[in-house]
Amino acid sequence: MPSPEPRSNRSVTWRRLTEQDFPLLREWLQQPHVARWWHHETSPEAVARDFGPAARGEEPSEDLLVFLDGRPLGLVQRSRYADYPEYIAELTAIVAVPEGAMSIDYLIGDPAQVGRGLGTLMIRTVIERTWAEFPAASCVLVPVSAANRASWRALEKAGLRRVAEGELEPDNPIDDRAHYVYRIDR
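All figures in this text were calculated on a predicted structure; none of them were measured in a lab.

Chemist: Sorry if this is basic, but what is going on with the side chain of serine 103 here?
Modeler: Position of serine 103 relative to the elements: it lies in strand 4 (residues 101–108). Only 3.2 Å separates the side chain of serine 103 from the side chain of tyrosine 81, close enough to count as a polar contact. Those residues in contact with serine 103, other than ones at most four positions away along the chain, are Gln77, Arg78, Ser79, Tyr81, Val140, Leu141, Val142 and Pro143.

Chemist: Sorry, what's going on with the packing of helix 1 (residues 22–30) against helix 3 (residues 44–55) here?
Modeler: Relative placement of two packed helices is described by the angle separating their axes and the distance separating the axes. One can describe the packing of helix 1 onto helix 3 by two numbers: an axis separation of 10 Å at closest approach and a directional angle of 120°. With respect to their mutual orientation, helix 1 and helix 3 come out oblique. As helix 1 runs across helix 3, the sense of the crossing is right-handed. Taken together, the residues of helix 3 that come into contact with helix 1 (itself represented by Phe22, Leu25, Arg26 and Leu29) are Pro44, Val47, Ala48, Phe51, Gly52 and Ala55.

Chemist: How do you make sense of the confidence of the model for the protein chain when you look at a structure like this?
Modeler: On average, residues of the protein chain score 93 in pLDDT, and 95% of them are at 70 or above. Here residues 1–7 scores under 50 on pLDDT; set against residues more than four positions off or in separate chains, the count is 11 contacts.

Chemist: What should I look at first to understand the sheet that holds strand 7 (residues 178–185) in this one?
Modeler: Working definition: the strands of a sheet are paired by backbone hydrogen bonds and lie parallel or antiparallel to each other. Strand order in the open sheet made by the seven strands is 1-2-3-4-5-7-6, with mixed pairing throughout. Looking at strand neighbours, the two that pair on one side only are strand 1 (12–16) and strand 6 (161–167), the edges of this open sheet. Strand-to-strand twist across the sheet, computed as the mean angle between neighbouring axes with direction ignored, equals 30°. Of the pairings in the sheet, the one linking strand 4 to strand 5 (residues 139–145) comprises two bridges and is parallel in character. Considered in strand 5, the bridge of alanine 101 is made with cysteine 139. Lying over the sheet, helix 1 contacts strand 2 (62–68), strand 3 (71–80) and strand 4, oriented at roughly 90° with respect to strand 3. Sitting on the sheet, helix 6 (residues 149–157) is in contact with strand 4, strand 5, strand 6 and strand 7, with an inclination near 155° to strand 5.

Chemist: Even after reading the chapter, I still don't get helix 1, so can you show me in this structure?
Modeler: Restricting attention to buried positions, one finds in helix 1 the residues Phe22, Leu25, Trp28 and Leu29. Considered in projection along helix 1, the buried side chains sweep an arc of 120° and stay on one side of the axis. At its buried positions, helix 1 is contacted by helix 2 (32–38), helix 3, strand 2, strand 3 and strand 4.

Chemist: Any chance you could explain the environment of leucine 121 here in plain terms?
Modeler: With respect to the helices and strands, the residue leucine 121 is situated in helix 5 (residues 118–133). The exposure class of leucine 121 is buried, given its relative accessible area of 14%. In this structure the C-alpha to C-alpha distance between leucine 121 and alanine 89, which are 32 residues apart in sequence, comes to 30 Å.

Chemist: Which parts of the structure should I look at to understand the packing of helix 5 against helix 6?
Modeler: Following both chains from N to C, one finds helix 5 and helix 6 inclined at 55°, their axes separated by 8 Å at the closest point. Classified by the interaxial angle, the pair formed by helix 5 and helix 6 is oblique. Helix 5 and helix 6 meet at a crossing whose hand is right-handed. Each of Thr120, Ile123 and Arg124 in helix 5 lies in contact with helix 6, whose residues at this interface are Ala154, Leu155 and Lys157. Here the residues of the contact of helix 5 with helix 6 sort into three nonpolar, one polar and two charged.

Chemist: What exactly am I supposed to notice about the side chain of histidine 179 here?
Modeler: Checked against the element boundaries, histidine 179 lands in strand 7. The class of histidine 179 is buried, set by a relative accessible area of 7%. Side-chain polar atoms of histidine 179 contact the backbone oxygen of arginine 177, separated by 2.9 Å. Not counting chain neighbours up to four residues away, the residues in contact with histidine 179 comprise Pro143, Val144, Ser145, Ala146, Ala164, Glu165, Gly166, Leu168, Glu169 and Pro170.

Rules used throughout
Residues numbered from 1 in each chain as written. Predicted model: local features only at pLDDT ≥ 70, side-chain atom pairs only at ≥ 80, totals over all residues. Heavy atoms only, no water. Helix = DSSP H or I, 4+ residues; strand = E, 2+ residues; numbered from the N terminus. Polar contact = N/O pair within 3.5 Å; in protein donor to acceptor, adjacent residues only side chain to side chain. Contact = heavy atoms within 4.5 Å. Axes fitted to C-alpha atoms, helices over the stretch in contact; angles between N-to-C directions. Parallel < 35°, antiparallel > 145°, perpendicular 65-115°, else oblique. Left-handed = near helix turned anticlockwise from the far one by under 90°. pLDDT = per-residue confidence, 0-100. Pairing = 2+ DSSP bridges. Buried < 20%, exposed > 50% of the residue type's maximum accessible area, 1.4 Å probe, protein only. Arc of directions from axis to C-beta. Nonpolar A, V, L, I, M, F, W, Y, C, P; charged D, E, K, R; others polar.

Right, dumping it as structure tokens:
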């Protein structure tokens, strides 16, 4: 039986997603536990269309392929809200978005790795490195569907606190608009 929390000596590393990683990402996006919340087209063309610009450095966000002890674990998307004013406009309806705010989105690809505390480890590690890699970052704000309990619990365990509740456009049209917003400050 897997332990509820990861061993403290586990190594989390990452690098930018490349086009060579698209088959693995496509496989992950097809997993039921990912598809439920990411609701993404999974054809090779759709993955290339939606992830290609960031992989080629043509978009300001980063898609990071995350590794645990050298093996692919998941994906983290990291971005500055200032680079996406349309998201700021939607989010400010329920919470202030300070200058320098960052956001992350994340998934664990392998269903066998879910529920073991690895999402919390991944989130915590990426946020710690965000402070070092983005000196102007003031906070990390993460909107999450209120229905996605596993996601918001991982955020809480990683040290983020719920700062707002309100209606935002859901990623999956089967969900209602209820969202929580989590925050951690530098």
